[in-house]
Amino acid sequence: MKEDLSRQAYWRANIRLVLGCLVAWFVVSFGFGILLAEPLNAIHLGGFKLGFWFAQQGSIMAFLLIIFFYAWRMNRLDHRFGVDDDEPGVGS
Amino acid sequence: MSLQALTYLAVGLSFVVYITIAFWSRARSTGDFYVAGGHVHPVANGMATAADWMSAASFISMAGLIAFLGYGGSVYLMGWTGGYVLLALLLAPYLRKYGRFTVPEFIGDRYYSNAARLVAVICLIFISFTYVAGQMRGVGIVFSRFLEVPIHVGLMIGMAVVFIYAVLGGMKGITYTQVAQYVVLIFAYTVPAVFISLQLTGNPLPQLGLGGTVAGTDVHLLDRLDAIVTDLGFRAFTEGNKSTIDVFAITMALMVGTAGLPHVIVRFFTVPKVSDARRSAGWALLFIAILYTTAPAVGAMARFNLTNTIQAGEVGAADANLVYAERPQWFRTWEDTGLLRFEDHNGDGRIQYYDDANEDFARQAESFGWKGNELTVDRDIMVLANPEIAQLPDWVIALVAAGGIAAALSTAAGLLLVISAAFSHDLLKSVIAPNISEKQELAAGRVAAAVAIVVAGYLGWNPPGFVAQVVAFAFGLAAASLFPAILMGIFSTRVNKQGAIAGMVTGLVFTFAYILAFKGVFFEPLFENTVDNWLFGISPEGIGVVGMVLNFAVAWAVSLAGEPPPEKVRQLVEDIRVPRAA
């Protein structure tokens with residue numbers, strides 16, 4: 001079967017990726033840093049209680065990974081669907 | 001060289017750099033003035049965004065908040081960084097594809113309505129002025145402490161510098177000035193942190209030092225800190241005191257608010273391509289994360305040093321507390337500013353610093369002959385006093401002064417620019433006088449920027465009593481008004497003009513009313529600001545989230561009841577969803 005390369009398919013793939021990234025964003029911050037902070041604090045990571053570490057440092061590092069992962073995957077997606085703006089003179 | 005001379009030198013040199021850059025990159029067209037011509041490299045844009053975003057609050061106040069709140073300070077750390085995920089995934093690439101100058105312009109086009117644009121302008125101006133007044137207070141604090149000039153003289157100098165590079169250079173000048181300011185501020189922030197981490201834990205990386213052991217022992221720093229503060233009746237550093245729902249709401253409001261702040265959003269209009277906008281959000285967060293992961297270490301170590309200085313030995317022992325007459329030099333300098341105060345309640349000439357609101361501990365303290373907490377520490381001094389507390393060389397202290405001023409000025413300049421663009425582009429050019437030439441519009445933008453600086457200077461000079469209380473306003477309103485309108489504008493083709501306006505107005509009015517009712521900005525608060533009176537147990541700081549949900553709900557309901565948007569708007573939305581120009 002031929003791959004669907006329509007704009008609708010591109011948009012659906014984009015939404016899927018965004019939702020996946022948002023789940024990760026929610027889990028590391030609101031999940032590990034707030035809702036589950038207390039039980040996680042029983043686990044120690046060096047001198048850190050784990051829940052406290054996620055709330056103060058870990059979530060920020062995870063946010064960074066999420067954004068760069070998203071940018072990388074989107075660029076591949078743009079390329080696959082032939083809508084990338086990486087060629088000179090395109091994309092205003 | 002004396003500290004005074006060194007500080008003048010550091011601040012003076014940094015000003016020369018900013019002004020030189022502004023002159024070299026001055027704006028020649030409205031495109032330069034509003035979006036720096038759209039030619040900023042994503043890494044440079046990331047750095048400029050970081051400086052733009054990290055204000056006097058991040059530089060001066062945040063570590064101080066963490067020092068006293070401990071785990072409770074996490075709402076700021078997560079809230080002010082998590083917003084970049086939302087920006088990168090949900091807003092930045094699409095707004096870049098849209099490819100115009102301002103946030104209200106997008107809202108006006110997407111909702112095919114000048115009324116919607118006007119509502120957006122009102123939200124933007126309110127958010128930005130609230131925020132800029134806080135920056136000006138930061139400039140005042142830094143100047144009065146480090147340059148020992150009266151606050152208003154310091155303010156005038158700061159205003160003059162911002163005037164030169166914002167009015168002359170517009171977005172283009174600001175962008176490259178902010179890159180320089182980022183370098184100054186991050187260097188100023190991390191150098192003392194590295195020294196302090198080395199002294200306390202032997203680890204030069206503050207991020208790791210925080211989880212390390214106290215130098216010369218095998219006790220973890222955080223465990224030791226928890227022990228010394230709980231011994232004095234305070235809450236353990238690694239535990240919070242707010243309800244989970246409130247922590248949740250505040251964090252969410254700060255995240256969504258960050259993503260909705262107009263001066264941050266417009267920074268993504270300045271990169272050449274859609275893919276650059278995505279990448280640039282990552283760079284911005286990387287540059288921000290350098291400071292934001294250092295801040296928890298600075299906060300914890302400052303608290304550790306402060307407590308140990310005051311309470312040198314066992315709690316309750318007669319000679320364990322610092323003798324006031326033998327207080328260190330940094331204590332004396334900060335006493336002069338009034339931000340550190342000592343009152344000898346029990347007349348023993350020693351300083352007792354403990355939590356006298358904790359009834360169990362207060363009883364115990366009485367048995368030591370203590371008659372109440374004797375030390376009042378303003379949270380804002382922690383970062384600025386830190387190098388002195390750790391006895392770092394004078395040049396480090398001078399550097400911190402320059403960094404604090406850079407943080408405040410870069411944010412003020414970014415805000416002033418979105419305010420001036422709202423006037424010249426969204427009001428003058430689009431509504432009042434659509435026929436003016438580009439040259440006239442550029443001139444109007446410069447005049448608007450100049451006027452905004454004067455107003456901001458006035459707010460810094462005569463800070464209205466509410467400035468410190470209403471940081472929640474800027475974020476709550478951005479979260480409740482602009483963010484949902486932009487998000488629905490991109491991800492829905494069904495939300496129409498009536499829905500968007502009704503949603504924005506609902507979110508704005510609800511959030512505004514809630515904060516006013518509890519904070520009482522222009523009048524006495526209507527309700528006491530306590531958890532029993534709060535809606536769902538959510539404090540005014542976190543209420544923007546409820547405003548946001550209301551905005552979404554109202555906009556959706558009203559839109560479904562009415563006609564779908566016209567075909568050309570559908571086309572606009574379809575078009576901004578793909579990176580390549582159709």
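Residues numbered from 1 in each chain as written. Chains lettered and ligands numbered in written order. Predicted model: local features only at pLDDT ≥ 70, side-chain atom pairs only at ≥ 80, totals over all residues. Heavy atoms only, no water.

Residue and element names in this part refer to chain A. Per the UniProt record, "transmembrane region" (unreviewed entry) is found at residues 17–37 and 52–72. Helix makes up 95% of residues 17–37 and strand makes up 0%, while its end C-alpha atoms are separated by 27 Å. With 100% helix and 0% strand, the stretch residues 52–72 has end C-alpha atoms that lie 30 Å from each other. (UniProt positions renumbered as here; feature names shortened; annotations may be inferred. Helix = DSSP H or I, 4+ residues; strand = E, 2+ residues; numbered from the N terminus.)

UniProt marks residues 7–84 of chain A with the feature "domain: Sodium symporter small subunit" (unreviewed entry), using the numbering shown here. Taken end to end, residues 7–84 of chain A is 82% helix and 5% strand, and its two terminal C-alpha atoms sit 12 Å from one another.

Residues and elements named next belong to chain B. Although it is not a glycine, Tyr-112 sits at a positive phi angle of roughly 35°. In this fold, Tyr-112 is placed in the loop between α6 (103–110) and α7 (114–147). Residue classification places Tyr-112 among the partly exposed positions, given a relative accessible area of 22%. The phi angle at Phe-536 is positive, at roughly 55°, despite the residue not being glycine. Along the chain, Phe-536 turns up in the loop between α20 (497–519) and α21 (544–561). (Buried < 20%, exposed > 50% of the residue type's maximum accessible area, 1.4 Å probe, protein only.)

Before going further, it helps to spend a moment on the pattern of salt bridges. Applying the stated criterion across every chain, the model contains 11 salt bridges over all chains. A salt bridge links Arg-278 of chain B to Asp-78 of chain A; the shortest N-O distance between them is 2.9 Å. Of this pair, Arg-278 of chain B sits in helix α13 (residues 274–310) while Asp-78 of chain A is found in helix α3 (residues 50–80), placing the two residues in two different chains. Judged on exposure class, the residue Arg-278 of chain B and its partner Asp-78 of chain A are both buried. For Asp-426 of chain B, the salt bridge goes to Arg-117 of chain B, with nearest N and O atoms at 2.7 Å. With Asp-426 of chain B in helix α17 (residues 394–432) and Arg-117 of chain B in helix α7, this pair connects stretches of sequence that are 309 residues apart. (Salt bridge = Lys/Arg side-chain N within 4 Å of Asp/Glu carboxyl O.)

On the secondary structure map, Ser-59 of chain A appears in helix α3. The class of Ser-59 of chain A is buried, set by a relative accessible area of 0%. Beyond its immediate chain neighbours, meaning those up to four positions away, Ser-59 of chain A contacts Val-28, Ser-29 and Phe-54 of chain A together with Met-78 of chain B. (Contact = heavy atoms within 4.5 Å.)

Let us now look at the packing of helix α4 (residues 56–69) of chain B against α13 of chain B. All names here are of chain B. At a closest axis distance of 7 Å, the pairing of α4 and α13 adopts a crossing angle of 55°. If you check the angle between α4 and α13, you find them oblique. The two elements α4 and α13 cross, and the hand of that crossing is right-handed. Contacts between α4 and α13 involve Ser-58, Phe-59, Met-62, Ala-63, Ile-66, Ala-67 and Phe-68 from the former and Leu-291, Tyr-292, Ala-295, Pro-296, Val-298, Gly-299, Arg-303 and Leu-306 from the latter. (Axes fitted to C-alpha atoms, helices over the stretch in contact; angles between N-to-C directions. Parallel < 35°, antiparallel > 145°, perpendicular 65-115°, else oblique. Left-handed = near helix turned anticlockwise from the far one by under 90°.)

What follows concerns the confidence of the model for chain A. Per-residue confidence for chain A gives a mean pLDDT of 86; residues scoring 70 or more make up 90%. pLDDT under 50 marks residues 88–92 of chain A. Its contacts with residues more than four places away, or in other chains, come to seven contacts. (pLDDT = per-residue confidence, 0-100.)

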